[in-house]
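Overview (structure and organization)
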Amino acid sequence: MDHLKTVKKRKLTDKSIPHALTQVPEFAQESQMYQSLLEMERKLDWTMTRKRVEVQDALSRNPTTTRTLRVFLSHTASGQSWQVGDADGEPVNFETGQGIPAWSFRVEGRLLELPNQRSRDKVAPRKFSTFIKRMVVELDRDPNLYPDGNILEWPRAQGVQPALDGFTVRRTGDQPTRIRVVIHLEQNPEQYKISPELGNVLGIKEESQIGVIQTLWNYIKINGLQDKVDRRRIKADDHLRPIFGADTVVFQQLPELINRYLTPADPVILHYTINPMVPPPDRPQAWDIEVKMEDTSLKSRMAVTVQATKDSTQDLSKLDDEIALLTQSLHNAHTKRIFLQSFAEDPSKFIQNWLESQSRDLESILGSGPSEGATIRAEELRRSDFFRLPWVEEAVAIQEGMRLSSKQ
């Protein structure tokens, strides 16, 4: 029963039509078109499989892109002379800070949207703080007059931390203040500053570690510096010899050699001036900064191509099953046609060949081999019950008919 269940579940996969049908003039054109479609389907399946593997490989490396982060700097003022009028207009409360001249400095940022981006490809924008690894705000004020926190630092803490759209610094005072904002960006992949010794050879100033290795490898291939006998060894030219410190190096040593010439990328430095004595500008000052980040839009589109929907997979499977059943019907019809055509051309010879075929099949059924089958058949012939089987009468009639026809 288990074997029968297995046979029932087995699907037909052969979609080729009998070769004899392609030789029939009535079906020659349709057969040729069908064979062309099968060949096209095989090429398309191969191409799609190859592209799917390439996409899976790209997904494993996390595709990256360069986006623009727009940073806004602005400020507001409160309790200033131009706001309260004369000095006696509002009492000063040192506990609540009411009436004390003060100002607030705001640092905000947002990622600019891509032009001509489809609405279905849009994802929730990242918060400004997720692009910052560390930020320092330096206030250029007299520490004797304003001793409270002229240097503020925001480091990203390890673990779960709420994402922020911006940062606000509030201080008291009514004097103009120059502010220096130092932003260390969180980029993916991590960017490094390349020393001039290596950067001048490769023509790059800032890149990720993988990007530097790829650029160096392209330089090696373009200049033919790979050893032709031992492909693992790299020969140094006049430009690379001071970097390698030897005439040849092994390919596995390249990351270690490159790390010597990589330093953390320079931070982004922004300058801003606050003058609380005049109204703040209506619009904030803005700076555009390029950041490297994971391309979530491309990654989602590639994931869709790799993971086909369940409905489409089922539809394709049903169509393949229908085609296989139809081609199997063609094979059965072709076999039946040959059977009947052979009988019509020479019935006597056909029946003789058919009996011989049935006899050979019977030998195969009765024993696993020729000698064993002959032994079992001889033993069966000695028994009288053997000649009372249902097929004996039919076989005798056919044999006698053939014998009488041969005498006439």
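Basis of the calculations
Residues numbered from 1 in each chain as written. Predicted model: local features only at pLDDT ≥ 70, side-chain atom pairs only at ≥ 80, totals over all residues. Heavy atoms only, no water. Helix = DSSP H or I, 4+ residues; strand = E, 2+ residues; numbered from the N terminus. Expected span 1.5 Å × (residues − 1). Buried < 20%, exposed > 50% of the residue type's maximum accessible area, 1.4 Å probe, protein only. Contact = heavy atoms within 4.5 Å. Phe/Tyr/Trp six-rings, centres within 6.5 Å; stacked < 30°, edge-to-face > 60°. Lys NZ or Arg CZ within 6 Å of the ring centre and 35° of its normal. Patch = residues over 30% accessible without salt bridge, like charges linked within 9 Å, V, L, I, M, F, W, Y side chains within 5 Å. Areas by Shrake-Rupley, 256 points an atom, 1.4 Å probe, with all protein chains shown as cover. Salt bridge = Lys/Arg side-chain N within 4 Å of Asp/Glu carboxyl O. Pairing = 2+ DSSP bridges. pLDDT = per-residue confidence, 0-100. Polar contact = N/O pair within 3.5 Å; in protein donor to acceptor, adjacent residues only side chain to side chain.

**Here we look at helix α6 (residues 209-222)**
For α6, spanning 14 residues, the distance from its first C-alpha to its last is 20 Å, which sits close to the expected 20 Å at 1.5 Å a residue. Residues of α6 that are buried include every one of Gly211, Val212, Leu216, Tyr219 and Ile220, and no others. Buried residues in α6 make contact with β7 (191-194), α5 (196-202), β8 (206-208), β9 (233-235), α8 (254-259) and β11 (262-264). Gly224, located one to two residues past α6, shows a positive phi value of around 60°.

**Side note on the packing of aromatic side chains**
A complete count under the given rule lists six aromatic pairs for this structure. Their ring planes at 40° and their centres at 5.4 Å tell us that Phe105 and Tyr272 sit as a pair that is tilted. Here Phe105 is found in strand β2 (residues 102-111), whereas its partner Tyr272 is found in strand β12 (residues 268-274), with 167 residues between them in sequence. Taking relative accessible area as the criterion, Tyr272 reaches 3% and is therefore assigned buried. Seen from their ring centres, Trp217 and Phe251 are 5.2 Å apart, and the 75° between their planes marks the pair as edge-to-face. Highlighted residues: Trp217 in helix α6 and Phe251 in the loop between β10 (248-250) and α8, separated in sequence by 34 residues. Its relative accessible area of 33% is what places Phe251 among the partly exposed residues. Of the aromatic side chains, those joined through ring pairs into one cluster are Phe128, Trp154 and Phe167. One Lys or Arg, Arg126, reaches over the ring of Phe131 and ends 4.0 Å from the middle of that ring.

**Comments concerning a nonpolar patch on the surface**
A cluster of nonpolar side chains, namely Phe339, Leu340 and Trp354, defines an oily patch on the protein surface of about 300 Å² accessible area. Relative to the assigned elements, Trp354 resides in helix α11 (residues 347-366).

**A word on the pairing of β7**
Relative to β8, β7 runs antiparallel, the two sharing three bridges. Its bridge partner being in β8, Lys193 is matched across the sheet by Glu206. Bridge count for β7 against β11 is three bridges, and the pairing is antiparallel. By the bridge assignment, Ile194 is partnered in β11 with Leu262.

**Observations regarding the side chain of Ser31**
Within the element layout of this structure, Ser31 appears in helix α3 (residues 28-60). Classification of Ser31 as buried rests on a relative accessible area of 6%.

**Quick notes on the confidence of the model for the protein**
Residues of the protein with pLDDT of at least 70 account for 84%, and the chain-wide mean is 81. A low-confidence stretch, residues 1-10 stays under pLDDT 50, and its non-local contacts, those more than four residues away or across chains, total zero contacts. Confidence over residues 368-373 falls short of pLDDT 50; this stretch has two contacts with residues more than four positions distant or in other chains.

**As for the side chain of Arg67**
In this fold, Arg67 is placed in strand β1 (residues 64-78). Arg67 gets classed as buried once you look at its relative accessible area, which sits at 15%. Engagement of the side chain of Arg67 in a polar contact is seen with the backbone oxygen of Leu112, the distance being 2.8 Å.

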